[in-house]
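Residue-level structure breakdown
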Amino acid sequence: MSPYFIDGNEAIARAAVEAGCTFFAGYPITPATTIFNHMLKLLPPAGGICLQGEDEIASIGFCLGASMAGRKVMTATSGPGLSLMSEHISFAIGSEIPIVIVNVQRLGPSTGSATKGADGDIQFMRWGNSGGLPVIVLAPVDAGDCYRLTHEAFNLAEQYRCPVFIASNKEIGLTRESVDLGSLELGEKIQRKCAQPFQDYLPFHTADNEMVPDFLPIGGDALVRQTSSSHGPDGYLTVDRQLINSSMDRLLAKLRDGGASLSLHELDNESGAQRLIITYGVTGRAAKEAVERLRAKGVAVSLLVLKTLYPVPEELLRNIIAWFRLVIVIEMNMGQYVREIERIAGNVPVLNYGRMDGVLISPETIVQVVGDEDLAQ
(Lines give C-alpha, C1' and ligand atoms only; values in the text may rest on other atoms or scores of the structure.)
Protein backbone atom coordinates (compact mmCIF):
# COMPACT_ATOMS: atom_id res chain seq x y z
CA MET A 1 0.00 0.00 0.00
CA SER A 2 1.33 3.45 -0.94
CA PRO A 3 1.82 5.95 1.86
CA TYR A 4 -1.03 8.35 2.50
CA PHE A 5 -0.36 12.07 3.02
CA ILE A 6 -2.95 12.57 5.73
CA ASP A 7 -3.54 14.37 8.99
CA GLY A 8 -4.67 12.83 12.26
CA ASN A 9 -8.34 13.60 11.65
CA GLU A 10 -8.36 11.75 8.33
CA ALA A 11 -6.43 8.87 9.88
CA ILE A 12 -9.10 8.56 12.59
CA ALA A 13 -11.90 8.49 10.01
CA ARG A 14 -10.16 5.88 7.87
CA ALA A 15 -9.40 3.72 10.91
CA ALA A 16 -13.00 3.92 12.10
CA VAL A 17 -14.28 2.56 8.79
CA GLU A 18 -11.60 -0.13 8.81
CA ALA A 19 -12.63 -1.13 12.36
CA GLY A 20 -16.24 -1.63 11.30
CA CYS A 21 -17.83 1.68 12.30
CA THR A 22 -21.16 2.02 10.49
CA PHE A 23 -22.61 5.07 12.26
CA PHE A 24 -21.22 8.54 12.90
CA ALA A 25 -23.01 11.59 14.23
CA GLY A 26 -21.43 14.92 15.09
CA TYR A 27 -21.73 18.68 15.19
CA PRO A 28 -19.14 20.92 13.54
CA ILE A 29 -16.49 22.35 15.86
CA THR A 30 -12.91 23.39 15.20
CA PRO A 31 -10.53 21.50 15.13
CA ALA A 32 -12.61 18.29 14.93
CA THR A 33 -14.85 19.18 11.97
CA THR A 34 -12.77 17.48 9.29
CA ILE A 35 -13.38 14.11 10.97
CA PHE A 36 -17.05 14.72 10.17
CA ASN A 37 -16.13 15.69 6.59
CA HIS A 38 -14.10 12.53 6.05
CA MET A 39 -16.77 10.29 7.59
CA LEU A 40 -19.32 11.87 5.25
CA LYS A 41 -17.16 10.86 2.29
CA LEU A 42 -16.27 7.39 3.56
CA LEU A 43 -19.28 5.99 5.41
CA PRO A 44 -22.28 6.24 3.02
CA PRO A 45 -20.46 4.57 0.09
CA ALA A 46 -19.57 1.75 2.51
CA GLY A 47 -23.21 1.32 3.56
CA GLY A 48 -22.93 3.31 6.77
CA ILE A 49 -24.76 6.36 8.12
CA CYS A 50 -23.32 9.82 8.78
CA LEU A 51 -25.53 12.43 10.47
CA GLN A 52 -25.21 15.99 11.69
CA GLY A 53 -27.12 16.52 14.91
CA GLU A 54 -28.62 19.87 15.89
CA ASP A 55 -25.96 20.04 18.61
CA GLU A 56 -23.46 17.83 20.43
CA ILE A 57 -26.09 16.49 22.83
CA ALA A 58 -28.23 15.17 20.00
CA SER A 59 -25.20 13.84 18.13
CA ILE A 60 -23.96 11.60 20.91
CA GLY A 61 -27.57 10.62 21.64
CA PHE A 62 -27.95 9.40 18.04
CA CYS A 63 -24.77 7.38 18.50
CA LEU A 64 -25.94 5.73 21.72
CA GLY A 65 -29.22 4.70 20.11
CA ALA A 66 -27.39 3.23 17.11
CA SER A 67 -24.98 1.41 19.42
CA MET A 68 -27.88 -0.09 21.39
CA ALA A 69 -29.18 -1.33 18.04
CA GLY A 70 -25.87 -3.13 17.51
CA ARG A 71 -23.82 -0.74 15.39
CA LYS A 72 -20.23 0.34 16.00
CA VAL A 73 -20.45 4.11 16.48
CA MET A 74 -18.24 7.18 16.79
CA THR A 75 -18.61 10.90 17.41
CA ALA A 76 -15.99 13.66 17.37
CA THR A 77 -15.81 17.02 19.08
CA SER A 78 -13.58 19.40 21.03
CA GLY A 79 -13.65 20.73 24.61
CA PRO A 80 -16.80 22.90 24.48
CA GLY A 81 -18.73 20.12 22.72
CA LEU A 82 -17.48 17.54 25.18
CA SER A 83 -18.97 19.63 27.99
CA LEU A 84 -22.40 19.29 26.38
CA MET A 85 -21.99 15.53 25.94
CA SER A 86 -21.34 14.91 29.63
CA GLU A 87 -24.73 13.49 30.64
CA HIS A 88 -24.86 11.09 27.71
CA ILE A 89 -21.33 9.93 28.54
CA SER A 90 -22.57 9.08 32.04
CA PHE A 91 -25.47 7.18 30.43
CA ALA A 92 -23.06 5.19 28.26
CA ILE A 93 -20.96 4.26 31.30
CA GLY A 94 -23.86 3.19 33.50
CA SER A 95 -25.75 1.39 30.76
CA GLU A 96 -22.62 -0.15 29.20
CA ILE A 97 -23.11 1.25 25.68
CA PRO A 98 -20.01 0.99 23.47
CA ILE A 99 -18.97 4.25 21.77
CA VAL A 100 -15.74 5.86 20.53
CA ILE A 101 -15.52 9.59 21.35
CA VAL A 102 -12.78 11.61 19.64
CA ASN A 103 -11.75 14.77 21.47
CA VAL A 104 -9.51 16.92 19.28
CA GLN A 105 -8.36 19.15 22.11
CA ARG A 106 -7.92 22.88 21.71
CA LEU A 107 -6.79 25.62 24.03
CA GLY A 108 -9.32 26.23 26.82
CA PRO A 109 -10.93 26.90 29.15
CA SER A 110 -14.39 27.29 27.61
CA THR A 111 -14.26 28.25 23.93
CA GLY A 112 -10.64 29.31 24.46
CA SER A 113 -8.75 29.54 21.16
CA ALA A 114 -10.26 27.34 18.46
CA THR A 115 -7.09 27.25 16.34
CA LYS A 116 -4.60 26.64 19.16
CA GLY A 117 -3.76 23.24 20.58
CA ALA A 118 -3.47 21.99 24.15
CA ASP A 119 -3.87 18.86 26.24
CA GLY A 120 -6.10 20.58 28.78
CA ASP A 121 -8.94 18.04 28.78
CA ILE A 122 -7.05 15.06 30.18
CA GLN A 123 -8.70 15.06 33.60
CA PHE A 124 -11.98 16.24 32.03
CA MET A 125 -12.25 13.09 29.90
CA ARG A 126 -11.59 10.90 32.93
CA TRP A 127 -13.83 12.66 35.42
CA GLY A 128 -16.41 14.47 33.26
CA ASN A 129 -19.22 12.10 34.17
CA SER A 130 -21.55 11.73 37.10
CA GLY A 131 -20.54 8.89 39.39
CA GLY A 132 -16.80 8.96 38.70
CA LEU A 133 -16.63 5.45 37.24
CA PRO A 134 -13.70 4.73 34.93
CA VAL A 135 -13.47 5.23 31.18
CA ILE A 136 -10.73 4.43 28.69
CA VAL A 137 -8.61 7.28 27.30
CA LEU A 138 -6.04 6.64 24.55
CA ALA A 139 -3.52 9.32 23.53
CA PRO A 140 -2.04 9.29 19.99
CA VAL A 141 1.27 10.97 19.24
CA ASP A 142 0.88 11.44 15.47
CA ALA A 143 -1.30 10.53 12.48
CA GLY A 144 -0.07 6.93 12.44
CA ASP A 145 -1.00 6.59 16.08
CA CYS A 146 -4.42 8.08 15.32
CA TYR A 147 -5.02 5.24 12.85
CA ARG A 148 -3.74 2.47 15.11
CA LEU A 149 -5.32 3.68 18.35
CA THR A 150 -8.71 4.41 16.77
CA HIS A 151 -8.81 0.82 15.53
CA GLU A 152 -7.87 -0.29 19.05
CA ALA A 153 -10.49 2.02 20.57
CA PHE A 154 -13.29 0.24 18.70
CA ASN A 155 -12.00 -3.12 19.91
CA LEU A 156 -11.87 -1.92 23.53
CA ALA A 157 -15.34 -0.35 23.32
CA GLU A 158 -16.76 -3.64 22.08
CA GLN A 159 -14.79 -5.78 24.54
CA TYR A 160 -15.59 -3.77 27.65
CA ARG A 161 -18.86 -2.14 26.52
CA CYS A 162 -17.92 1.37 27.58
CA PRO A 163 -16.99 4.78 26.16
CA VAL A 164 -13.45 5.00 24.79
CA PHE A 165 -11.90 8.43 24.23
CA ILE A 166 -9.26 9.35 21.66
CA ALA A 167 -7.37 12.25 23.27
CA SER A 168 -6.13 13.93 20.11
CA ASN A 169 -4.97 17.53 19.81
CA LYS A 170 -5.33 20.30 17.21
CA GLU A 171 -1.66 19.85 16.25
CA ILE A 172 -2.11 16.11 15.64
CA GLY A 173 -5.51 16.39 14.02
CA LEU A 174 -4.58 19.02 11.44
CA THR A 175 -0.93 18.20 10.64
CA ARG A 176 -0.42 16.24 7.43
CA GLU A 177 2.35 13.69 7.15
CA SER A 178 3.13 10.56 5.16
CA VAL A 179 1.77 7.40 6.77
CA ASP A 180 1.97 3.89 5.32
CA LEU A 181 -1.32 2.63 6.71
CA GLY A 182 -0.65 -0.88 5.43
CA SER A 183 2.48 -1.21 7.56
CA LEU A 184 0.69 -0.49 10.84
CA GLU A 185 -0.05 -3.51 13.01
CA LEU A 186 -3.71 -3.79 13.90
CA GLY A 187 -5.36 -6.31 16.17
CA GLU A 188 -8.14 -8.62 15.06
CA LYS A 189 -11.51 -6.90 15.02
CA ILE A 190 -13.54 -7.59 18.16
CA GLN A 191 -17.33 -7.75 18.25
CA ARG A 192 -19.31 -7.47 21.45
CA LYS A 193 -20.35 -10.88 22.76
CA CYS A 194 -24.01 -11.57 22.07
CA ALA A 195 -26.54 -13.56 24.08
CA GLN A 196 -28.76 -16.27 22.64
CA PRO A 197 -31.93 -14.46 21.53
CA PHE A 198 -34.24 -17.40 22.26
CA GLN A 199 -33.41 -17.43 25.97
CA ASP A 200 -34.84 -15.14 28.64
CA TYR A 201 -32.48 -12.20 28.40
CA LEU A 202 -31.09 -10.37 31.42
CA PRO A 203 -29.33 -7.33 29.88
CA PHE A 204 -26.93 -6.68 32.80
CA HIS A 205 -26.35 -10.22 34.01
CA THR A 206 -22.81 -11.58 33.85
CA ALA A 207 -21.83 -15.23 33.90
CA ASP A 208 -19.39 -16.55 36.50
CA ASN A 209 -15.83 -15.27 35.94
CA GLU A 210 -17.01 -12.69 33.40
CA MET A 211 -17.18 -8.93 33.91
CA VAL A 212 -19.11 -7.79 30.83
CA PRO A 213 -22.76 -8.72 30.12
CA ASP A 214 -23.76 -10.32 26.84
CA PHE A 215 -25.49 -8.06 24.35
CA LEU A 216 -28.71 -8.12 22.37
CA PRO A 217 -29.84 -5.22 20.18
CA ILE A 218 -32.92 -3.18 20.87
CA GLY A 219 -35.50 -3.62 18.14
CA GLY A 220 -34.88 -7.34 17.71
CA ASP A 221 -37.07 -10.33 18.52
CA ALA A 222 -36.03 -10.43 22.20
CA LEU A 223 -37.19 -7.83 24.72
CA VAL A 224 -34.24 -5.62 25.78
CA ARG A 225 -34.55 -3.20 28.69
CA GLN A 226 -32.28 -0.16 28.85
CA THR A 227 -32.20 2.59 31.45
CA SER A 228 -29.95 5.32 32.76
CA SER A 229 -31.15 4.74 36.34
CA SER A 230 -29.78 2.29 38.91
CA HIS A 231 -30.77 -1.18 37.77
CA GLY A 232 -30.38 -4.83 38.54
CA PRO A 233 -29.26 -7.59 36.17
CA ASP A 234 -32.76 -7.70 34.66
CA GLY A 235 -32.61 -4.02 33.66
CA TYR A 236 -35.40 -2.97 36.01
CA LEU A 237 -34.89 0.01 38.32
CA THR A 238 -33.84 -0.97 41.81
CA VAL A 239 -32.93 0.57 45.17
CA ASP A 240 -31.60 -2.74 46.48
CA ARG A 241 -28.30 -1.84 48.13
CA GLN A 242 -26.67 -5.20 47.44
CA LEU A 243 -27.58 -5.16 43.75
CA ILE A 244 -26.34 -1.58 43.34
CA ASN A 245 -23.08 -2.33 45.14
CA SER A 246 -22.51 -5.40 42.99
CA SER A 247 -23.10 -3.37 39.81
CA MET A 248 -20.70 -0.59 40.87
CA ASP A 249 -17.99 -3.07 41.83
CA ARG A 250 -18.27 -4.78 38.46
CA LEU A 251 -18.20 -1.52 36.46
CA LEU A 252 -15.05 -0.54 38.35
CA ALA A 253 -13.33 -3.90 38.13
CA LYS A 254 -13.93 -4.61 34.45
CA LEU A 255 -11.52 -1.80 33.48
CA ARG A 256 -9.25 -1.92 36.53
CA ASP A 257 -8.35 -5.52 35.75
CA GLY A 258 -7.89 -4.99 32.01
CA GLY A 259 -4.16 -5.81 32.11
CA ALA A 260 -1.89 -5.42 29.07
CA SER A 261 -4.71 -4.38 26.73
CA LEU A 262 -5.03 -1.21 28.82
CA SER A 263 -1.31 -0.46 29.20
CA LEU A 264 -0.32 0.77 25.73
CA HIS A 265 3.00 2.63 25.74
CA GLU A 266 6.43 3.14 24.15
CA LEU A 267 9.54 2.83 26.31
CA ASP A 268 12.98 3.98 25.15
CA ASN A 269 15.19 2.87 28.02
CA GLU A 270 18.87 3.76 28.21
CA SER A 271 20.95 1.48 30.38
CA GLY A 272 22.30 3.31 33.40
CA ALA A 273 20.02 6.32 33.07
CA GLN A 274 18.77 7.80 36.32
CA ARG A 275 16.29 10.23 34.79
CA LEU A 276 13.01 9.21 33.18
CA ILE A 277 10.85 11.51 31.04
CA ILE A 278 7.17 10.63 31.02
CA THR A 279 4.90 12.29 28.49
CA TYR A 280 2.00 11.65 26.11
CA GLY A 281 0.26 13.07 23.06
CA VAL A 282 1.94 15.40 20.60
CA THR A 283 4.61 16.28 23.20
CA GLY A 284 5.92 12.73 22.75
CA ARG A 285 7.37 13.76 19.39
CA ALA A 286 9.36 16.64 20.86
CA ALA A 287 10.49 14.42 23.73
CA LYS A 288 11.94 11.83 21.33
CA GLU A 289 13.98 14.54 19.61
CA ALA A 290 15.04 15.98 22.97
CA VAL A 291 16.24 12.56 24.19
CA GLU A 292 18.44 12.18 21.09
CA ARG A 293 19.99 15.61 21.71
CA LEU A 294 20.54 14.92 25.41
CA ARG A 295 22.22 11.59 24.70
CA ALA A 296 24.46 13.30 22.11
CA LYS A 297 25.57 15.63 24.92
CA GLY A 298 26.31 12.66 27.18
CA VAL A 299 23.20 12.97 29.35
CA ALA A 300 21.75 9.53 30.08
CA VAL A 301 17.97 9.68 30.00
CA SER A 302 15.07 7.33 29.27
CA LEU A 303 11.66 8.10 27.79
CA LEU A 304 8.23 6.63 28.47
CA VAL A 305 5.42 7.76 26.14
CA LEU A 306 2.03 6.67 27.46
CA LYS A 307 -0.64 5.72 24.92
CA THR A 308 -3.15 4.54 27.55
CA LEU A 309 -3.82 7.36 30.01
CA TYR A 310 -6.90 5.88 31.70
CA PRO A 311 -7.35 3.56 33.39
CA VAL A 312 -3.96 4.59 34.76
CA PRO A 313 -1.52 1.73 33.97
CA GLU A 314 -0.37 1.64 37.58
CA GLU A 315 1.55 -1.63 37.53
CA LEU A 316 3.46 -0.62 34.41
CA LEU A 317 4.31 2.80 35.84
CA ARG A 318 5.28 1.47 39.25
CA ASN A 319 7.63 -1.15 37.76
CA ILE A 320 9.34 1.29 35.37
CA ILE A 321 9.63 4.25 37.76
CA ALA A 322 11.37 2.01 40.31
CA TRP A 323 14.44 1.86 38.00
CA PHE A 324 15.09 5.62 38.24
CA ARG A 325 16.10 8.32 40.72
CA LEU A 326 14.13 11.14 39.12
CA VAL A 327 10.96 11.36 37.01
CA ILE A 328 10.19 14.42 34.85
CA VAL A 329 6.63 14.73 33.53
CA ILE A 330 6.23 16.96 30.46
CA GLU A 331 2.69 17.85 29.40
CA MET A 332 0.88 20.48 27.37
CA ASN A 333 -1.26 21.75 30.24
CA MET A 334 -0.75 23.26 33.67
CA GLY A 335 -0.03 19.91 35.32
CA GLN A 336 -2.74 17.24 35.15
CA TYR A 337 -1.34 13.76 34.60
CA VAL A 338 1.60 14.51 36.89
CA ARG A 339 -0.83 14.01 39.78
CA GLU A 340 -1.23 10.36 38.76
CA ILE A 341 2.53 9.92 38.50
CA GLU A 342 3.12 11.49 41.93
CA ARG A 343 0.55 9.13 43.41
CA ILE A 344 2.37 6.08 42.06
CA ALA A 345 6.04 7.13 42.26
CA GLY A 346 6.44 6.54 46.00
CA ASN A 347 9.82 7.85 47.14
CA VAL A 348 11.06 8.71 43.65
CA PRO A 349 10.99 12.52 43.16
CA VAL A 350 8.69 13.80 40.42
CA LEU A 351 9.19 17.12 38.61
CA ASN A 352 6.69 18.65 36.23
CA TYR A 353 7.02 20.99 33.28
CA GLY A 354 3.68 22.09 31.92
CA ARG A 355 2.54 24.92 29.74
CA MET A 356 -0.79 25.80 28.09
CA ASP A 357 -0.44 28.86 25.86
CA GLY A 358 -1.29 27.41 22.47
CA VAL A 359 2.37 26.82 21.55
CA LEU A 360 3.95 23.38 21.29
CA ILE A 361 6.57 22.42 23.85
CA SER A 362 9.77 22.28 21.81
CA PRO A 363 12.67 19.80 22.01
CA GLU A 364 14.88 22.74 23.06
CA THR A 365 12.67 23.40 26.06
CA ILE A 366 12.71 19.75 27.12
CA VAL A 367 16.50 19.59 26.73
CA GLN A 368 16.77 22.65 28.96
CA VAL A 369 14.40 21.22 31.59
CA VAL A 370 15.90 17.73 31.67
CA GLY A 371 19.51 18.76 31.16
CA ASP A 372 19.52 21.20 34.04
CA GLU A 373 22.72 20.46 35.92
CA ASP A 374 20.93 20.95 39.20
CA LEU A 375 18.89 17.83 38.44
CA ALA A 376 22.02 15.75 38.23
CA GLN A 377 22.79 16.28 41.89
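The preceding data block contains the structure.
The following refers to the structure shown.

Scoring rules and cut-offs
- Residues numbered from 1 in each chain as written.
- Predicted model: local features only at pLDDT ≥ 70, side-chain atom pairs only at ≥ 80, totals over all residues.
- Heavy atoms only, no water.
- 1 Å grid on protein atoms, 1.4 Å probe; cavity = no way out; pocket = protein on both sides within 12 Å on 5 of 7 lines; lining within 4 Å.
- Points joined across faces, edges and corners; volume = space filled by probe spheres on them.
- Helix = DSSP H or I, 4+ residues; strand = E, 2+ residues; numbered from the N terminus.
- Pairing = 2+ DSSP bridges.
- Axes fitted to C-alpha atoms, helices over the stretch in contact; angles between N-to-C directions.
- Contact = heavy atoms within 4.5 Å.
- Buried < 20%, exposed > 50% of the residue type's maximum accessible area, 1.4 Å probe, protein only.
- Phe/Tyr/Trp six-rings, centres within 6.5 Å; stacked < 30°, edge-to-face > 60°.
- Lys NZ or Arg CZ within 6 Å of the ring centre and 35° of its normal.
- Nonpolar A, V, L, I, M, F, W, Y, C, P; charged D, E, K, R; others polar.

1. Quick word on the layout of surface pockets
Its volume calculated, the largest pocket comes out at about 390 Å³. Every residue lining the largest pocket is counted, 20 residues in all, and those nearest its centre are Arg256, Pro311, Val312, Pro313 and Glu314. Elements with a minimum of two residues in the lining of the largest pocket: helix H6 (122-127), helix H9 (241-256), helix H11 (314-321) and helix H12 (338-345). Approximately 310 Å³ is the volume found for the second largest pocket. In this structure, the second largest pocket is lined by 17 residues; those nearest its centre are Ser90, Gly94, Ser130, Ser228 and Met248.

2. Considerations on the sheet that holds strand S5 (residues 99-105)
The strands that make up a sheet are held in pairs by hydrogen bonds between backbone atoms, and each pair lies either parallel or antiparallel. Read across the sheet, seven strands follow the order S3-S2-S4-S5-S7-S6-S12 without closing on themselves; strand pairing throughout is mixed. This sheet does not close on itself; its edge strands, each paired only once, are strand S3 (49-52) and strand S12 (308-310). Here the average twist between neighbouring strands, direction ignored, is 20°. As defined by bridge partners, strand S2 (residues 23-26) adjoins strand S4 (residues 73-77) across two bridges and the pair is classed as parallel. Note on S4: the bridge partner recorded for Phe23 is Val73. Helix H5 (residues 86-94) contacts S5 and strand S7 (163-169) of the sheet and is inclined by roughly 135° relative to S7. Across the sheet, helix H7 (residues 143-160) lies against S4, S5, strand S6 (136-138) and S7, angled at about 165° from S7, the strand it touches most.

3. Observations concerning helix H13 (residues 363-370)
Looking at H13, one finds that the buried residues are Pro363, Thr365, Ile366, Val367 and Val370. In the core, the buried residues of H13 are packed alongside strand S10 (275-280), helix H10 (283-296), strand S11 (301-306), strand S13 (326-331) and strand S14 (350-354).

4. Details of the packing of aromatic side chains
By the definition in use, this model includes four aromatic pairs. Here Tyr310 and Tyr337 contribute two aromatic rings whose centre-to-centre distance is 5.6 Å and whose plane-to-plane angle is 70°, an arrangement assigned as edge-to-face. Here Tyr310 is found in strand S12, whereas its partner Tyr337 is found in the loop between S13 and H12, with 27 residues between them in sequence. Residue classification places Tyr310 among the buried positions, given a relative accessible area of 1%. When the centroid spacing of 6.3 Å and the interplanar angle of 45° are considered together, the rings of Trp323 and Phe324 count as tilted. Note that Arg126 overlies the ring of Trp127, its terminal NZ or CZ placed 3.6 Å from the centroid. If you follow Arg192 out to its NZ or CZ, it ends over the ring of Phe215, 4.6 Å from the centre.

5. Description of empty space enclosed by the protein
Applying the stated criterion across every chain, the model contains three cavities of 30 Å³ or more. Taken as a whole, the largest cavity holds about 90 Å³ of empty space. Considering the residues around the largest cavity, the lining is formed by 16 residues, among which Met68, Arg161, Phe215, Leu216 and Gln226 are closest to the centre. Here the residues of the lining of the largest cavity are counted per class, giving 10 nonpolar, two polar and four charged. Lining the second largest cavity, in full, are Ile93, Pro134, Arg161, Cys162, Leu251, Lys254 and Leu255. Per-element tally for the lining of the second largest cavity: the top contributor is H9, with three residues. For the lining of the second largest cavity, the class distribution of residues is five nonpolar, no polar and two charged.

Spatial relationships are all this shows, so hold off on functional conclusions.
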